[in-house]
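# Residue-level structural notes
Here is how the chains run, residue by residue.
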Amino acid sequence: MVILGVGLGMVGTDVQTGQQRFTFGIAELSDGISFVAIAMGMFGIAEIVLNLERPEARSLLKTKVGSLWLNREEWKRGTPSAVRGTLLGSVLGILPGGGAALASFGSFMMERKMSKGRHLFGKGAIEGVAGPEAANNAASQTAFIPLLTLGIPSNAVMALMVGALIIQGIQPGPQMMVQQPDLFWGLIASMWIGNVMLLVINLPMIGLWVKLLQVPYKFLFPAILVFCCIGTYSISNNVFDVYMTIAFAVFGYICAKLQLEAAPLLIGFVLGPMMEEHLRRAMLLSRGDWFVFMERPISATMLAIGLVALVMMLLPAVRRGKDKALAE
């Protein structure tokens with residue numbers, strides 16, 4: 001699924017040569033495949049179809065919501081996941097591209113591997129909520145680091161913020177902290193105020209959000225479908241994106257039936273183009289010498305960490321195969 005995501009990320013116009021790749025003569029694909037179309041199709045519409053297949057799994061909320069505070073057991077289970085999600089989100093939020101979405105999916109996948117309650121995923125496991133939510137919040141904050149220090153937007157939202165600052169005559173970058181300290185520290189303070197206001201607004205209105213769970217699904221799923229199509233269309237005002245969303249919805253449904261995870265595909269889709277761009281740039285600078293990645297300590301260290309992580313992921317599968325072979 002990761003390799004497929006990387007392949008989908010290569011669709012469009014090559015930034016170095018200007019040649020179109022894997023577009024098959026379709027002009028709308030010259031700008032690449034929309035991330036929103038993939039996400040909406042595979043996680044939105046495909047999930048609707050799967051829910052329609054399982055009427056016994058859809059039940060209205062009939063119990064009354066009690067205290068919003070976690071009990072001792074939930075604190076014990078959720079705290080490690082929140083800490084891991086915060087650390088992962090803080091790192092991934094700095095990287096350009098995926099931002100909060102990449103951090104959330106990455107944290108969810110990590111919790112499915114590391115959490116002690118991973119066998120309860122899909123049945124209300126607190127780990128599956130605490131980790132991705134913490135990663136999402138952490139990534140949203142650290143996404144400002146490359147913007148405020150280097151003037152480089154890490155995602156589409158930061159790009160819009162750069163445009164807004166430039167319109168106001170403000171140049172984000174290293175000099176922003178010196179030339180406009182009031183704006184810089186005011187922006188930092190607004191992050192704290194925003195998080196507090198989220199609690200102030202959402203906690204009293206939790207009853208209203210819970211009421212949405214009491215809406216019959218026969219009324220809810222058409223609304224979800226409409227909002228998915230509107231959201232996809234509004235990105236570039238192109239009906240082709242809606243068609244592409246439907247196509248990925250069918251593909252997401254097939255993947256769900258085959259028990260293939262969709263999150264790795266999204267991660268490959270986001271990181272693949274960046275990996276290709278920087279790989280080709282490094283190859284041009286080194287004149288095709290692959291040992292250039294081993295000459296720098298940072299690059300060699302990152303490659304070693306990646307190799308160790310790959311080995312750690314493969315060892316359980318190898319061990320299970322060995323035990324099965326010995327048992328036979």
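First, a word on scope: everything that follows refers to the structure included in this document. (Residues numbered from 1 in each chain as written. Predicted model: local features only at pLDDT ≥ 70, side-chain atom pairs only at ≥ 80, totals over all residues. Heavy atoms only, no water.)

### Re the nonpolar core
Core analysis: the biggest nonpolar cluster contains 17 residues, and Leu8, Ile33, Ile38, Met42, Met244 and Phe248 have the highest contact counts within it. Top contributing element to this core by residue count: helix 13 (residues 263-285), with 5 residues. In this structure, phenylalanine 248 is in contact with Leu8, Ile33, Ala37, Ile38, Gly41 and Met42, ignoring residues within four places of it in sequence. (Core = buried A, V, L, I, M, F, W, Y, C linked by side-chain atoms within 4.5 Å. Buried < 20%, exposed > 50% of the residue type's maximum accessible area, 1.4 Å probe, protein only. Helix = DSSP H or I, 4+ residues; strand = E, 2+ residues; numbered from the N terminus. Contact = heavy atoms within 4.5 Å.)

### Some points on a nonpolar patch on the surface
On the surface, a nonpolar cluster with roughly 880 Å² of combined accessible area is contributed by Ile193, Val196, Met197, Val200, Ile201, Met205, Ile206, Leu208, Trp209 and Leu212. Elements represented by at least two residues in the nonpolar patch include exactly helix 9 (181-202) and helix 10 (206-211). Per-element tally for the nonpolar patch: the top contributor is helix 9, with 5 residues. Looking at where tryptophan 209 falls in the secondary structure, it is placed in helix 10. (Patch = residues over 30% accessible without salt bridge, like charges linked within 9 Å, V, L, I, M, F, W, Y side chains within 5 Å. Areas by Shrake-Rupley, 256 points an atom, 1.4 Å probe, with all protein chains shown as cover. Salt bridge = Lys/Arg side-chain N within 4 Å of Asp/Glu carboxyl O.)

### So, helix 11 (residues 217-236)
With 20 residues, helix 11 extends 30 Å between its outermost C-alpha atoms, agreeing within 8% with the 28 Å of an ideal straight helix rising 1.5 Å per residue. Three or more residues of helix 11 are buried, namely Tyr217, Cys228, Gly231 and Thr232. All buried residues of helix 11 fall inside an arc of 90 degrees around its axis, so they share one side. Exposed side chains of helix 11 directed beyond 90 degrees from the buried face belong to Lys218, Phe219 and Phe227. Packing partners of the buried residues in helix 11 comprise helix 2 (35-53) and helix 12 (239-257). Asparagine 237 sits one or two positions beyond helix 11 and adopts a positive phi of about 55 degrees. (Expected span 1.5 Å × (residues − 1). Arc of directions from axis to C-beta.)

### Considering the environment of alanine 46
The residue alanine 46 is located in helix 2 in this model. Considered as a pair, alanine 46 and phenylalanine 248 are 202 residues apart in the sequence and their alpha carbons are 8.2 Å apart. Sequence-distant contacts of alanine 46, defined by excluding residues within four places in its chain, comprise Gly41, Ala249, Gly252 and Tyr253.

### Structural notes on the packing of aromatic side chains
What the rule picks out here adds up to 3 aromatic pairs. Geometrically, the ring pair formed by phenylalanine 35 and phenylalanine 269 is stacked, given 6.4 Å between the ring centres and 25 degrees between the ring planes. Of this pair, phenylalanine 35 sits in helix 2 while phenylalanine 269 sits in helix 13, placing them 234 residues apart in sequence. (Phe/Tyr/Trp six-rings, centres within 6.5 Å; stacked < 30°, edge-to-face > 60°.)

### Remarks on the pattern of salt bridges
Counted under the stated rule, the structure contains 4 salt bridges. For glutamate 277, the salt bridge identified is with arginine 281, shortest N-O distance 2.8 Å. You can see glutamate 277 and its partner arginine 281 sitting in helix 13, 4 residues apart, about one turn around the helix. Assessed through its relative accessible area of 31%, glutamate 277 is described here as partly exposed. Taking the relative accessible area as the measure of exposure, arginine 281 reaches 41% and is therefore partly exposed. Among the charged side chains, a network of salt bridges with common partners joins Asp14, Arg21, Glu276 and Arg280.

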